[in-house]
Amino acid sequence: MLRARVLGRPAEDNALWVTADSGQGRTRLLLDCGARVLDTLPFAEVQATDHLLLSHLHMDHVGGFDDFFRATFDRAAPTHAWGPPGTARILGHRFQGFWWNHAPELRGQWVVHDVHDTHVRSFRFEAREAFAVPHEAGTHPHDGPILTTPEVTVQAVPLEHHGRSLGFILREPDRERVNTGALTELGLRPGPWLAELKGGATGELDVNGQPHDAAGLRAALMERETGESLAYLTDFLLDAAQQARLAPPLRGVQTLYAEAQYAPEDHALAARHEHTTVTQVANLAHAAGVPALTLLHLSRRYRPEQWPALLSAAQAIHPATRFPDGWLGKAADSRALG
């Protein structure tokens, strides 16, 4: 299961917190780390984050890094950070922004991955060395997927934002489920044997005291279920050519989290700054066949009373468009106070 939560307030810095939970294990991922986005997350959850995925290194996407680093710099497991080319160099400077007089006693390790269009170059930083040395940790090619755990695969999507920015597509692995109707038709009762069948049992299988052929049971009872998926795209140029390039990798994604920087009438401003309008991202979601679109990263140029109109413009193209929970409530509160 992929649990996603938008962090930060409307018209301020935003991020996406994702927990991939298979029932047997978890992978926690933070997508971007703007100022104060961690305020509503428990410290223990921040500390348990396995991977920090940075779309790019502009202030509003990395302004909260010190808070994140404070929680994770010396945890027992390595912390991984992923971002466009130059991420290791920039984070290396951030690591050096503190007094490390107790460094030899520390155990933390960071691995920072520069994601190029065709390969990933990794660097290891050790807390016991005061994070002073970027050790080469290998280079490997990629054709989209950059990270795979038992719970989730992360694909990097190159974006244009006056240089390279990254979008991310997260997918759970497909899983097998028991067709309970078929189980009833065969007159079989659930039991420990089902776990054995899911685990790949072969040959003869004891089903409540009766022998059955495992291969035959698997064919009759097991169904393949597509894993959950989401995409996160922010701070990028979106014209006709870019839409044609981005729609194919988004096909099959269940939810798109995308920036909504500009109103439709400000499309020239959006193009100049290589951002999107709400209608452009709605058109992208529609073209890709993405069922659900969540808008985030609103520009401060729009007052809260204008937010419903931005949402309506997107919904006119892609009806299943929404703001994160509570955002329109904040707009209503602002109007009442005004």
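Residues numbered from 1 in each chain as written. Predicted model: local features only at pLDDT ≥ 70, side-chain atom pairs only at ≥ 80, totals over all residues. Heavy atoms only, no water.

A separate point is the overall build of the chain. Per the secondary structure count, the chain includes 12 helices and 19 strands. Seen through its C-alpha atoms, the chain measures out along the principal axes to roughly 70 × 60 × 40 Å. The buried share of the chain, taken over its 338 residues, is 49%. For the chain, the share of sequence-separated contacts (at least 6 apart) that also reach a separation of at least 24 residues comes to 63%. Split by element, the accessible area of the chain, about 15800 Å² in all, is 52% carbon and sulfur. Distance between charge centres in the chain, computed from 31 positive and 40 negative side chains, equals 3 Å. (Helix = DSSP H or I, 4+ residues; strand = E, 2+ residues; numbered from the N terminus. Buried < 20%, exposed > 50% of the residue type's maximum accessible area, 1.4 Å probe, protein only. Contact = heavy atoms within 4.5 Å. Areas by Shrake-Rupley, 256 points an atom, 1.4 Å probe, with all protein chains shown as cover. Lys, Arg positive; Asp, Glu negative; His and termini not counted. Charge placed at Lys NZ, Arg CZ, Asp CG, Glu CD.)

Attention shifts here to the sheet that holds strand S5 (residues 79–83). In sheet architecture, strand pairing relies on hydrogen bonds along the backbone and comes in two forms, parallel and antiparallel. In spatial order, the strands read S1-S2-S3-S4-S5-S6-S7-S8; together these eight strands make up an open sheet with mixed pairing. Since the sheet does not close on itself, it has two edges, and those belong to strand S1 (2–7) and strand S8 (135–141), each with one partner. Averaged over all neighbouring strand pairs, the angle between strand axes comes to 20 degrees, with direction disregarded. Against the sheet, helix H4 (residues 87–95) makes contact with S5, strand S6 (109–115) and strand S7 (119–126), and its axis sits at roughly 150 degrees relative to S6, the strand it touches most. (Pairing = 2+ DSSP bridges. Axes fitted to C-alpha atoms, helices over the stretch in contact; angles between N-to-C directions.)

So, about the nonpolar core. Counting 59 residues, the largest nonpolar core has Leu29, Leu31, Ile146, Phe168, Leu170 and Leu295 as its most contacted members. The element best represented in this core is helix H10 (residues 278–288), accounting for six residues. Setting aside residues no more than four positions away along its own chain, phenylalanine 168 makes contact with Leu31, Leu53, Leu54, Ser55, Ile146, Val154, Gln155, Ala156, Leu230, Ala231, Tyr232 and Leu233. Core analysis: the second largest hydrophobic core is formed by 30 residues, Leu41, Val62, Phe68 and Trp110 among them. (Core = buried A, V, L, I, M, F, W, Y, C linked by side-chain atoms within 4.5 Å.)

The subject of this paragraph is the packing of aromatic side chains. A complete count under the given rule lists 17 aromatic pairs for this structure. Here phenylalanine 98 and tryptophan 100 contribute two aromatic rings whose centre-to-centre distance is 6.1 Å and whose plane-to-plane angle is 65 degrees, an arrangement assigned as edge-to-face. Taken together, the aromatic side chains of Phe65, Phe68, Phe69, Phe73, Phe95, Phe98, Trp100, Trp110, Phe125 and Phe131 make up a single cluster linked through ring pairs. The ring of tyrosine 302 has arginine 301 lying over it, and the distance from NZ or CZ to the ring centre is 5.9 Å. (Phe/Tyr/Trp six-rings, centres within 6.5 Å; stacked < 30°, edge-to-face > 60°. Lys NZ or Arg CZ within 6 Å of the ring centre and 35° of its normal.)

Turning our attention to unusual backbone geometry. With a phi angle near 55 degrees, histidine 162 is a residue other than glycine that sits in the positive phi range. If you trace the backbone, histidine 162 turns up in the loop between strand S10 (153–160) and strand S11 (164–171). For histidine 162, a relative accessible area of 55% puts it in the exposed group. Even without a glycine there, the phi angle at asparagine 208 is positive, about 50 degrees.

The next thing to look at is the pairing of strand S13 (residues 204–207). Burial of S13 is one-sided: the residues Leu205 and Val207 facing one way are buried, the residues Glu204 and Asp206 facing the other way are not. Pairing analysis gives four bridges linking S13 to strand S14 (residues 210–213), with the strands arranged antiparallel. For leucine 205, the partnering residue across the bridge sits in S14 and is histidine 212.

On to helix H3 (residues 65–72). Among the residues of H3, Phe65, Phe68, Phe69, Ala71 and Thr72 are the ones counted as buried. Buried residues of H3, seen end-on, are gathered within an arc of 160 degrees and therefore sit on one face of the element. (Arc of directions from axis to C-beta.)

Here seven strands make up an open sheet; going across it, the order is S9-S10-S11-S16-S17-S18-S19 and the pairing mixed. On the outer flanks of this sheet lie strand S9 (145–148) and strand S19 (321–322), each paired with one strand and no other. With four bridges joining them, S11 and strand S16 (residues 229–233) adopt antiparallel strand pairing. Residue pairing across strands places isoleucine 169 opposite alanine 231, the latter belonging to S16. Sheet strands in contact with H10 are S16, strand S17 (255–259) and strand S18 (292–296), and its direction is about 155 degrees off that of S18.

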